[in-house]
Amino acid sequence: MMPFVPVTAISDPRRPMPADASHRLVVAEAAVESLTAEQRRLERLGLEWPLARTQHQLRYWKFVHAVCAIAAEAA
């Protein structure tokens, strides 16, 4: 079993999230943006396994972003 390795530094889910809902949304947006850029780079290079790992983490962060957006609107 390999240990978890985040694709980008900002997308590391072990990092603490800010207490403020709007700041959490900014962090989630930054993670999605960094993973999307990495996904485009890996697609150009044709690296299948790293691309699959990036897509998996991108799905997670898109979900986190959606939850943070709902929380920010409710606040």
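Now for a quick tour of the structure. All figures in this text were calculated on a predicted structure; none of them were measured in a lab.

Some details on the packing of aromatic side chains
Considering all chains together, one arrives at one aromatic pair under this definition. An angle of 85° between the planes, with centres 5.4 Å apart, marks the rings of Tyr60 and Trp61 as edge-to-face. Given a relative accessible area of 41%, Tyr60 falls into the partly exposed group. Judged by its relative accessible area of 4%, Trp61 falls in the buried class.

Remarks on the pattern of salt bridges
One pass over the structure, following the stated rule, counts two salt bridges. Note that Arg14 and Asp12 form a salt bridge whose closest N and O atoms lie 2.9 Å from each other. The class of Asp12 is buried, set by a relative accessible area of 14%. Across the pair Arg41 and Glu38 runs a salt bridge whose closest N-O atoms are separated by 2.7 Å. With Arg41 and Glu38 both in helix H1 (residues 21-45) and three residues apart, the pair spans about one turn of that helix. On the basis of relative accessible area, Glu38 is assigned to the buried category, the value being 18%.

Details of the environment of Glu33
Position of Glu33 relative to the elements: it lies in helix H1. Exposure remark for Glu33: the relative accessible area of 56% places this residue in the exposed category. In this structure, the C-alpha to C-alpha distance between Glu33 and Leu58, residues 25 residues apart in sequence, is 9.1 Å.

Rules of the game
Residues numbered from 1 in each chain as written. Predicted model: local features only at pLDDT ≥ 70, side-chain atom pairs only at ≥ 80, totals over all residues. Heavy atoms only, no water. Phe/Tyr/Trp six-rings, centres within 6.5 Å; stacked < 30°, edge-to-face > 60°. Buried < 20%, exposed > 50% of the residue type's maximum accessible area, 1.4 Å probe, protein only. Salt bridge = Lys/Arg side-chain N within 4 Å of Asp/Glu carboxyl O. Helix = DSSP H or I, 4+ residues; strand = E, 2+ residues; numbered from the N terminus.

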